[in-house]
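Here is what each chain is made of, one letter per residue.
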Amino acid sequence: MSEHDPTACHVCHRHAIGVGIGFTHSRDTNPKWICHECALIIEDVRRVRNFDAYEIKTLDHVDEKAGEYVGELGKTDMASMSELERRMLWKTVVQEFGNGLRSLIREGAPF
Ligand SMILES: [Zn+2]
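This brings us to the overall build of the protein. The helix and strand inventory of the protein stands at 4 helices and 2 strands. Each helix (α) and strand (β) of the protein, taken in turn from the N terminus, gives the series β-β-α-α-α-α. Taking all 111 residues of the protein together, the buried fraction comes to 34%. Taking the intrachain contacts of the protein between residues at least 6 apart in sequence as the baseline, contacts between residues at least 24 apart amount to 48%. Total accessible area computed for the protein in this model is approximately 7200 Å², and 52% of it derives from carbon and sulfur atoms. Charge centroids of the protein, computed over 14 positive and 18 negative side chains, lie 4 Å from each other.

Dropping the structure here:
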């Protein structure tokens, strides 16, 4: 895999690079490619057994950060936001999903 191949990160679902977490058994064909930011915490990522719990918990972080962005705009109605403001809201959601997930993984959150 090259950095230019369109593959999603196994952890945060952003653009993956040519680094994988590894195979889990001999019949496994997916090395679970990850992105640059997740590669920086690869040893912590390898310890995670249930990503679903981390993803659900991360929604609290995303909700908080998206709320902060909307609060800064002073707008709660999507129809009143400009196209740029809406796009920045979705960018905030996507980026903060990854940031929140990596933060929980680094902390080794017990839940
Ligand atoms: Zn990632």
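Our focus in this paragraph is the nonpolar core. Among the nonpolar cores identified, the biggest contains 19 residues, and Cys9, Val11, Ile34, Cys38, Val45, Tyr54 and Ile105 are the most heavily contacted of them. Among the secondary structure elements, those contributing two or more residues to this core are helix H2 (42–47), helix H3 (51–73) and helix H4 (83–107). The greatest single-element share of this core, amounting to 4 residues, is contributed by H4. When residues of this core are assigned to domains, at least three map to each of domain 1 (1–47) and domain 2 (49–111). Not counting residues up to four positions away in its chain, the partners in contact with Tyr54 are Val48, Leu101, Leu104, Ile105, Gly108, Ala109 and Phe111.

Mapped onto the fold, Thr76 is located in the loop between H3 and H4. Residue class for Thr76 comes out exposed when judged on its relative accessible area of 80%. For the pair Thr76 and Leu89, spaced 13 residues apart in the sequence, the C-alpha separation amounts to 11 Å.

The end-to-end C-alpha distance of H4 is 36 Å, a good match for the 36 Å that 25 residues give at a rise of 1.5 Å each. Those residues of H4 not exposed but buried are Glu85, Leu89, Thr92, Glu96, Phe97, Gly98, Gly100, Leu101, Arg102, Leu104 and Ile105. Close packing links the buried residues of H4 with helix H1 (36–39), H2 and H3. Looking one or two residues past H4, Gly108 carries a phi angle of roughly 65°, positive in sign.

The rules we used
- Residues numbered from 1 in each chain as written.
- Predicted model: local features only at pLDDT ≥ 70, side-chain atom pairs only at ≥ 80, totals over all residues.
- Heavy atoms only, no water.
- Helix = DSSP H or I, 4+ residues; strand = E, 2+ residues; numbered from the N terminus.
- Buried < 20%, exposed > 50% of the residue type's maximum accessible area, 1.4 Å probe, protein only.
- Contact = heavy atoms within 4.5 Å.
- Areas by Shrake-Rupley, 256 points an atom, 1.4 Å probe, with all protein chains shown as cover.
- Lys, Arg positive; Asp, Glu negative; His and termini not counted.
- Charge placed at Lys NZ, Arg CZ, Asp CG, Glu CD.
- Core = buried A, V, L, I, M, F, W, Y, C linked by side-chain atoms within 4.5 Å.
- Domains from an automatic or database assignment.
- Expected span 1.5 Å × (residues − 1).

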